[in-house]
Amino acid sequence: MSLPTGVYRADQVGSLLRPKGLLEAREQAAEGKLSREQLREVEDKYVTYVVNKQLETGLRAITDGEFRRTWFHVDFLRHLAGVELRGTMQSTNVSVGGTMPPRLVVVDKIGHPKPIQVDDLKYLDSQIAANGVKATAKVCIPSPTMVHFRNTRETIDEKAYPTLEPFFEDLARVYQEELDDLYKAGCRFVQLDDTNFAYLCDSKMRSEAEQRHGDANALTRQYAALVNAAISKRPADMTIGVHLCRGNHRSQWFAQGGYEPVAEVLFNDLNVDAYFLEFDDARSGDFSPLRFLPEHKVVVLGVMTSKKPDLEDKAEVIKRLNEAASFCPKGLKQLCLSHQCGFSSTSEGNDLTEEEQWAKLKLMVDIAKEVWGEDLSI
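So, here is what we can say about the structure in this document. (Residues numbered from 1 in each chain as written. Predicted model: local features only at pLDDT ≥ 70, side-chain atom pairs only at ≥ 80, totals over all residues. Heavy atoms only, no water.)

So, about the overall build of the chain. For the chain, the helix and strand inventory stands at eleven helices and ten strands. In terms of overall size, the chain behaves like a compact globule, its C-alpha atoms giving a radius of gyration of 20 Å where 378 residues would be expected to give roughly 21 Å. Split into buried and exposed, the 378 residues of the chain put 58% on the buried side. Here the chain displays about 15200 Å² of accessible surface, and carbon together with sulfur accounts for 48% of that area. (Helix = DSSP H or I, 4+ residues; strand = E, 2+ residues; numbered from the N terminus. Rg over C-alpha atoms; globule rule 2.2 N^0.38 Å. Buried < 20%, exposed > 50% of the residue type's maximum accessible area, 1.4 Å probe, protein only. Areas by Shrake-Rupley, 256 points an atom, 1.4 Å probe, with all protein chains shown as cover.)

In structure tokens, the structure reads:
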């Protein structure tokens, strides 16, 4: 089988460690010492740098490293009309340093007043083109479920949404509009970053979700329907992937539990082309949920870790790939290789150096070529 457009045998989730100069510039901008335009110039410089590094390393799914964001989700969702940041969220697990993500609440009808990622995509595309290398610009945006999961009836305005059905319809619509804008700008691969399908695999988080939203099995199906509606108008030549994450802040995780509670819905009801799944340690469970994978879909298997600096043992990675393949209808043909998550889901980044990050990515490319051959696009 051929891989979907924009998916490669050696792939990545998307975020990369922010260089010191970029972090300093973003801090200066937050303090009012740099204008938005001046910050954009600095960001452009570092995006150019990180595109070149990715291509040099052998990657062909190319991102901007999420260098223009502080949080993987907030910096997208705050641009939706009707969504505001208010306070911080509580969690079942306290972050390193006590950092907690902002809470997103719905205060009015949700809208999409203008494209959110198009300008970033255009710059990313220009830098890939400048290299003259055949590669795909990969756009990562948070899943629409991120607007609902942590909220309650009290944090979704009842005047705007007396019932939740119109809320989900509006949420799907704004994603349809953003995907349409991205497609018209040349985008052919979008990844939805979703913590919530994975959080529903954690027994404690699942129980807490039921207190907010009712039956967890019904919620899983509702989220699949939401994502399906959000991507329902995409053109046939736009690939959609989904990444499931159990938390990735400064090398710390927040949830644990195998995919079994959501696997059947995830693989058979969710109308995406590719799954980027965590499998870097025991907290993600075994590979048996892959038995639900249909023949026409692929899994980018996150058996390497972005949380630790140590280089993986090549033979062990290949062994695990083969173990996973035994559950897939078409074996290794349906698998690709990546790290379980990005290296910097928030601006602080995980506990390793940039040099260690690039070494890990280069090792991943080398392993993929040994397993699938030199052409990582087939």
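Here six strands make up an open sheet; going across it, the order is E5-E6-E7-E8-E9-E10 and the pairing parallel. Strand pairing shows two members of the sheet lacking a second neighbour, strand E5 (139–142) and strand E10 (335–339), which therefore form its edges. Strand-to-strand twist of the sheet, defined as the mean angle between neighbouring strand axes without regard to direction, takes the value 25°. Of the pairings in the sheet, the one linking strand E6 (residues 189–194) to strand E7 (residues 239–244) comprises six bridges and is parallel in character. Counterpart to valine 190 in the pairing with E7 is isoleucine 240. (Pairing = 2+ DSSP bridges. Axes fitted to C-alpha atoms, helices over the stretch in contact; angles between N-to-C directions.)

On inspection of all chains with the given rule, the structure shows 22 salt bridges. Here lysine 314 ties to glutamate 370 by a salt bridge, and the two come within 3.5 Å at their closest N and O atoms. Residue lysine 314 is located in helix H10 (residues 314–325), and its partner glutamate 370 is located in helix H11 (residues 354–372); the two are separated by 56 residues in the primary sequence. Assessed through its relative accessible area of 33%, lysine 314 is described here as partly exposed. (Salt bridge = Lys/Arg side-chain N within 4 Å of Asp/Glu carboxyl O.)

Before going further, it helps to examine the environment of glutamate 56. Inspection of the secondary structure puts glutamate 56 in helix H2 (residues 36–57). When its relative accessible area of 63% is taken as the criterion, glutamate 56 is described as exposed. Considered as a pair, glutamate 56 and tryptophan 358 are 302 residues apart in the sequence and their alpha carbons are 9.9 Å apart.

Structurally, the position occupied by aspartate 64 is in the loop between strand E1 (61–62) and helix H3 (74–77). Despite being buried, aspartate 64 has no salt bridge partner; arginine 68 is the closest side chain of opposite charge, sitting 4.3 Å away. There is a polar contact of 2.8 Å between the side chain of aspartate 64 and the backbone nitrogen of glutamate 66. (Lys, Arg positive; Asp, Glu negative; His and termini not counted. Polar contact = N/O pair within 3.5 Å; in protein donor to acceptor, adjacent residues only side chain to side chain.)

Attention now goes to the pairing of E7. Regular strands have side chains that alternate between both faces of the sheet. Of all six residues that make up E7, six are buried, and the element is covered over most of its length. Where burial is concerned, the two faces of E7 agree: the one with Thr239, Gly241 and His243 and the one with Ile240, Val242 and Leu244 are both buried.

Our next topic: the packing of helix H1 (residues 20–30) against H2. Orientation of H1 relative to H2, taken along the N-to-C sense of each, is 165°, at an axis distance of 10 Å. When the axis of H1 is compared with that of H2, the two are roughly antiparallel. For the pair H1 and H2, the sense of crossing is left-handed. Taken together, the residues of H2 that come into contact with H1 (itself represented by Gly21, Leu22, Ala25, Arg26 and Ala29) are Leu39, Val42, Glu43 and Tyr46. Its residues placed into classes, the contact of H1 with H2 shows six nonpolar, one polar and two charged. (Parallel < 35°, antiparallel > 145°, perpendicular 65-115°, else oblique. Left-handed = near helix turned anticlockwise from the far one by under 90°. Contact = heavy atoms within 4.5 Å. Nonpolar A, V, L, I, M, F, W, Y, C, P; charged D, E, K, R; others polar.)

Geometric descriptors of this kind do not, in isolation, establish any biological role.
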